[in-house]
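Chain by chain, the residues:
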There are 2 protein chains.
Amino acid sequence: MHGSFHFALMKIALDAMGGDRGSAPNLAGAQLALTAYPKISKLFLVGDEATLKRGMAEIRLQDRRIEIVHASEVVEMSDEAIASVRRKKDSSISRAVDLVKSGDAGAVVSAGHTGAAVAAAFFKLRCIPGVGRPGILSPFPNLVNPNGICYLIDAGANVDAKPEHLIQQAIMGSVYVSYVHGTKTPRVGLMSNGEEDSKGNAVTKEVFEFLSSLRERGFGFKGNVEGRDLFAAPIDVAVCDGFVGNVLLKGCEGTAKAIKGLIKTEFTKWWLPWRIIGALLTKGALKEAGQRLNYENYGGSPLLGVNGVCIIAHGSSGPIAIKNALRVGAECLEHEVNPHIAEAISAYLSSTAPVPAGSSPSAL
Amino acid sequence: MHGSFHFALMKIALDAMGGDRGSAPNLAGAQLALTAYPKISKLFLVGDEATLKRGMAEIRLQDRRIEIVHASEVVEMSDEAIASVRRKKDSSISRAVDLVKSGDAGAVVSAGHTGAAVAAAFFKLRCIPGVGRPGILSPFPNLVNPNGICYLIDAGANVDAKPEHLIQQAIMGSVYVSYVHGTKTPRVGLMSNGEEDSKGNAVTKEVFEFLSSLRERGFGFKGNVEGRDLFAAPIDVAVCDGFVGNVLLKGCEGTAKAIKGLIKTEFTKWWLPWRIIGALLTKGALKEAGQRLNYENYGGSPLLGVNGVCIIAHGSSGPIAIKNALRVGAECLEHEVNPHIAEAISAYLSSTAPVPAGSSPSAL
């Protein structure tokens with residue numbers, strides 16, 4: 001009963017103009033998601049109506065669950081984040097967030113200007129009570145975790161984070177993994193410049209003390225972790241300031257891209273023909289290895305802490321990334337991530353209850 | 001004349017006990033360096049005399065330039081950095097730094113506990129006048145730069161850096177590239193959470209203003225850069241806080257290691273035998289691609305800003321990494337990096353002279 005009530009609410013607003021490649025990957029991704037996820041009961045496509053109708057006709061996208069919501073403006077990458085919310089009131093991202101604010105949609109997904117999406121969500125939806133700042137929860141491929149993922153929070157929403165922000169983000173990340181992945185006590189690490197307890201900067205040292213004290217209330221704090229631990233340590237969530245997380249995320253992306261480029265260069269040296277043969281024979285292997293690292297397969301990054309589900313997708317998202325971002329949005333609704341975050345934050349503030357409150361996955 | 005005076009001073013102290021694998025890679029690396037670099041006039045091997053003599057006999061390391069300096073203690077990875085300097089006065093790293101302090105050596109190289117090496121250098125050698133904190137200058141493989149390198153400063157010496165520290169580190173990094181690589185006006189980027197001028201945290205925004213103002217005095221400030229730019233942007237130096245730099249460095253290392261592991265897994269699936277054949281045919285290619293990323297080929301990271309040359313090598317350094325770390329130490333002496341840093345910092349403080357002072361490489 002509870003489940004069917006909930007599925008009826010699985011309404012998602014897609015910023016159909018967002019991303020480096022405009023509406024095309026958004027519409028193709030919407031098509032994939034509507035086919036794959038019958039649970040989605042409504043999909044708002046927000047953007048220029050004429051453009052969207054033309055794009056839908058081109059790929060023969062027809063679904064009674066689709067509703068086009070016209071928005072006359074688009075936030076450009078050159079726009080300043082906060083100013084874009086104030087000045088471009090009829091932008092596709094602002095209108096999409098408005099649908100969540102009004103309750104017409106439960107979740108918003110955008111591959112557009114990340115700063116603008118964060119600002120629109122933060123100013124329009126406001127934070128869950130007890131949460132000071134939202135944080136972007138970004139998935140990393142982890143080679144030792146059963147679910148293959150370690151999440152980094154915050155990947156860039158909130159720079160100059162205060163200790164309480166990092167503590168809230170640790171709790172929010174833990175709640176997400178607990179309910180979406182069904183992990184009983186998610187293992188949470190604090191990103192630092194070394195694994196030893198003594199390592200850290202002024203902010204993380206304070207956070208370390210706090211999170212350590214939450215251990216006796218059932219919180220799975222595992223101490224300091226390092227950048228490399230995202231990929232290879234038994235950790236579900238790594239917590240850091242948004243500035244640090246953003247630099248780290250882009251550094252990891254850059255490393256992967258550099259390695260790809262170096263391998264390609266070596267594989268295509270025509271004066272070493274056995275390499276080209278070998279490259280052909282191993283193409284599938286490299287592709288499969290690459291798939292584990294491809295953000296497209298992970299989908300978007302939830303912006304945790306705002307009143308409403310907000311999923312940030314990569315600017316260069318293709319259809320598969322958009323499809324997966326819509327899936328992540330649907331999962332947040334299905335597993336009631338936000339109500340559980342509110343509960344856990346409230347339990348944390350009550351200073352005696354277990355944190356996060358209820359560590360078993362949602363019944364849904 | 002000046003040159004020969006200088007070469008006579010090319011005396012280096014090696015912390016021969018430092019690193020995860022003890023004295024063996026240090027001694028083997030010393031052997032390689034003494035053969036490769038006749039300019040090294042003296043090499044102090046600092047550590048337990050009996051251990052070193054036994055190790056030297058094993059690999060038949062004999063060279064009249066070697067002098068063993070006995071040190072009875074070793075700083076362990078579990079030791080606290082600053083405490084180690086106070087409590088283990090007869091450690092190999094402390095004794096090696098003492099040789100620089102006394103003027104017997106011009107440079108010290110250590111693959112031991114990084115924090116201990118930084119603390120020993122900072123407390124014993126003190127900073128160059130005008131420099132508040134030293135910074136670790138760490139080389140990254142860069143695919144677009146002619147020299148193949150972009151340096152990150154600070155990779156972990158100084159967490160909670162103040163704006164003035166980052167400005168000093170920008171200048172020191174620029175001087176290093178200018179004199180060691182002969183780059184006329186090194187291009188300096190400020191690590192941030194986005195390339196736009198408006199991006200940054202409270203500290204970097206202040207640094208951005210300062211470095212922008214140095215442009216008119218000849219400083220090659222190129223604005224904000226992102227984590228990925230280390231590998232693929234036309235930038236010689238990227239400046240950041242030591243906490244951020246350390247997290248970033250280890251994240252990039254972890255990414256490379258994860259990719260290596262994933263490729264290996266895919267290549268050794270016995271039920272897909274063509275992959276194994278392909279893997280054999282492309283082995284050289286992957287190895288060559290890997291070499292571009294292998295820190296062993298770059299050698300150590302100079303700790304810039306202290307009165308004396310101090311080179312930090314990776315804890316897992318093998319002989320080639322130690323050899324290259326000794327080369328980096330020799331290069332700092334040969335190109336008079338520290339006197340040039342003192343000059344540039346003094347010019348910067350004088351508030352009108354060009355910064356860094358003299359952008360052409362040293363005559364040596």
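In this text, all values refer to a predicted model and were calculated from it rather than measured experimentally.

1. Let's talk about the overall build of chain A
Logical step 1: In terms of helices and strands, chain A carries 13 helices and eleven strands.
Logical step 2: Each of the 364 residues in chain A was classed as buried or not, and the buried ones make up 59%.
Logical step 3: Summarising the internal contacts of chain A: among those between residues at least 6 apart in sequence, 72% fall at separations of at least 24.
Logical step 4: Only carbon and sulfur atoms are counted for the fraction: they give 56% of the accessible area of chain A, which is about 14,400 Å².

2. Details of the packing of aromatic side chains
Residues and elements named next belong to chain A.
Logical step 1: Under the counting rule described, the total for this entry stands at eight aromatic pairs over all chains.
Logical step 2: For the ring pair F122 and F123, a centre distance of 5.3 Å and an interplane angle of 65° mean the geometry is edge-to-face.
Logical step 3: When its relative accessible area of 21% is taken as the criterion, F122 is described as partly exposed.

3. Structural notes on the pairing of strand β7 (residues 188-191) of chain A
Residue and element names in this part refer to chain A.
Logical step 1: Judged by which residues are buried, β7 turns out to be covered on both faces: V188 and L190 on one side and G189 and M191 on the other are all buried.
Logical step 2: Two strands pair when backbone bridges link them, and β7 and strand β8 (residues 221-225) are joined in this way by three bridges, in the parallel orientation. Bridge pairing in β8 places M191 opposite V225.
Logical step 3: Remark: the β7/helix α8 (residues 202-213)/β8 crossover connection has right-handed handedness.
Logical step 4: Here β7 runs beside strand β9 (residues 237-239); their pairing, made up of three bridges, is parallel. By the bridge assignment, V188 is partnered in β9 with V237.

4. A word on the sheet that holds strand β3 (residues 66-70) of chain A
All names here are of chain A.
Logical step 1: Here eleven strands make up an open sheet; going across it, the order is β3-β2-β1-β4-β11-β10-β5-β6-β9-β7-β8 and the pairing mixed. Each edge of the open sheet carries a strand with a single partner, namely β3 and β8. Between one strand and the next, the sheet's axes are offset by a mean angle of 25°, whatever the strand orientation.
Logical step 2: Looking at chain direction, strand β5 (residues 135-141) and strand β10 (residues 301-304) are connected through two bridges and run antiparallel. Within β10, the position partnered with I136 by the bridge is L303.

5. What to know about the side chain of A:K88
Residue and element names in this part refer to chain A.
Logical step 1: Residue placement: K88 occurs in the loop between α4 (81-87) and α5 (92-101).
Logical step 2: At 2.7 Å, the side chain of K88 forms a polar contact with the side chain of D79.
Logical step 3: Ignoring any residue separated from it by four or fewer positions in sequence, one finds K88 in contact with E73, V74, V75, E76, D79, A83 and S94.

6. Regarding the packing of helix α7 (residues 163-180) of chain A against α8(A)
To describe two helices that pack against each other, one gives the angle between their axes and the distance between the axes.
All names here are of chain A.
Logical step 1: With their axes 9 Å apart at the nearest point, α7 and α8 run at an angle of 45° to one another. By the angle between their directions, the pair α7 and α8 is classed as oblique. Like other packed secondary-structure pairs, α7 and α8 cross with a definite hand, here right-handed. Contacts from P163, L166, I167 and A170 in α7 reach V203, E206, V207, F210 and L211 in α8.
Logical step 2: Grouping the constituent residues of the contact of α7 with α8 by class yields eight nonpolar, no polar and one charged.

7. Topic: the sheet that holds strand β9 (residues 237-239) of chain B
Residues and elements named next belong to chain B.
Logical step 1: Sheet architecture is open: eleven strands sit in the order β3-β2-β1-β4-β11-β10-β5-β6-β9-β7-β8, paired in mixed fashion. Taken across any chain shown, the strands that pair with only one partner, and hence form the sheet edges, are β3 (66-70) and β8 (221-225). Strand after strand, the sheet turns through a mean of 25° between neighbouring axes, direction not considered.
Logical step 2: Across four bridges, the pairing between strand β4 (residues 107-110) and strand β11 (residues 309-312) is parallel. Looking at the pairing, A107 lines up with V309 of β11.

8. Re helix α3 (residues 49-58) of chain B
Since the α-helix turns once every 3.6 residues, residues separated by three or four places project in the same direction.
Residues and elements named next belong to chain B.
Logical step 1: Here α3 has its buried residues at L52, G55 and M56. Down the axis of α3, the buried side of the element spans an arc of 100°, and every buried residue falls inside it. Among the exposed residues of α3, those oriented more than 90 degrees off its buried face are R54, A57 and E58.
Logical step 2: In the core, the buried residues of α3 are packed alongside α2 (23-36), β2 (42-47) and β3.
Logical step 3: Looking one or two residues past α3, R60 carries a phi angle of roughly 55°, positive in sign.

9. Thoughts on the nonpolar core
Note that soluble globular proteins tend to have their nonpolar side chains buried in a common cluster.
Logical step 1: A:M191, A:L230, B:M191 and B:L230 are the most contacted members of the largest nonpolar core, which has 90 residues in total.
Logical step 2: Those residues within four positions of B:L230 in sequence are excluded, and the remaining contacts are B:F140, B:P141, B:N142, B:C150, B:L152, B:M191, B:A238 and B:L248.
Logical step 3: Counting 67 residues, the second-largest nonpolar core is a separate cluster that includes A:I12, A:L45, A:I66 and A:A161.

10. Concerning the pattern of salt bridges
Where charged atoms from two side chains of opposite charge come close, those side chains can pair.
Residues and elements named next belong to chain A.
Logical step 1: For the coordinates displayed, the defined rule picks out 28 salt bridges over all chains.
Logical step 2: Residues D63 and R65 are paired through a salt bridge, measuring 2.9 Å at the closest nitrogen-oxygen approach.
Logical step 3: R327 is the salt-bridge partner of E331, the closest N and O atoms lying 3.1 Å from each other. Here R327 and E331 lie together in helix α12 (residues 319-334), a separation of four residues that amounts to about one turn. Neither residue differs from the other here; E331 and R327 are each classed as buried.

11. With respect to empty space enclosed by the protein
Residues and elements named next belong to chain A.
Logical step 1: Tallied over the entire structure, the rule returns three cavities of 30 Å³ or more.
Logical step 2: Taken as a whole, the largest cavity spans an internal volume of roughly 50 Å³.
Logical step 3: Taken together, D15, G18, V74, V75, S92, I93, S110, G112, H113, A116 and A117 make up the lining of the largest cavity.
Logical step 4: The set of elements that each furnish at least two residues to the lining of the largest cavity consists of α5 and α6 (114-125).
Logical step 5: A per-class count over the lining of the largest cavity returns five nonpolar, five polar and one charged.

12. Comments concerning the confidence of the model for chain A
Residues and elements named next belong to chain A.
Logical step 1: Residues with a pLDDT of 70 or more make up 87% of chain A, whose mean pLDDT is 90.
Logical step 2: Note on residues 1-7: pLDDT under 50 across the span, and nine contacts to partners over four residues away in sequence or across chains.
Logical step 3: For the stretch residues 359-364, pLDDT sits under 50, and the model shows 18 contacts to residues farther than four places along the chain or on other chains.
Logical step 4: Interface scoring of the predicted complex returns ipTM 0.88; its pTM is 0.90.

Rules behind the numbers
Residues numbered from 1 in each chain as written. Chains lettered and ligands numbered in written order. Predicted model: local features only at pLDDT ≥ 70, side-chain atom pairs only at ≥ 80, totals over all residues. Heavy atoms only, no water. Helix = DSSP H or I, 4+ residues; strand = E, 2+ residues; numbered from the N terminus. Buried < 20%, exposed > 50% of the residue type's maximum accessible area, 1.4 Å probe, protein only. Contact = heavy atoms within 4.5 Å. Areas by Shrake-Rupley, 256 points an atom, 1.4 Å probe, with all protein chains shown as cover. Phe/Tyr/Trp six-rings, centres within 6.5 Å; stacked < 30°, edge-to-face > 60°. Pairing = 2+ DSSP bridges. Right-handed = clockwise from strand over helix to strand, strands pointing away. Axes fitted to C-alpha atoms, helices over the stretch in contact; angles between N-to-C directions. Polar contact = N/O pair within 3.5 Å; in protein donor to acceptor, adjacent residues only side chain to side chain. Parallel < 35°, antiparallel > 145°, perpendicular 65-115°, else oblique. Left-handed = near helix turned anticlockwise from the far one by under 90°. Nonpolar A, V, L, I, M, F, W, Y, C, P; charged D, E, K, R; others polar. Arc of directions from axis to C-beta. Core = buried A, V, L, I, M, F, W, Y, C linked by side-chain atoms within 4.5 Å. Salt bridge = Lys/Arg side-chain N within 4 Å of Asp/Glu carboxyl O. 1 Å grid on protein atoms, 1.4 Å probe; cavity = no way out; pocket = protein on both sides within 12 Å on 5 of 7 lines; lining within 4 Å. Points joined across faces, edges and corners; volume = space filled by probe spheres on them. pLDDT = per-residue confidence, 0-100.

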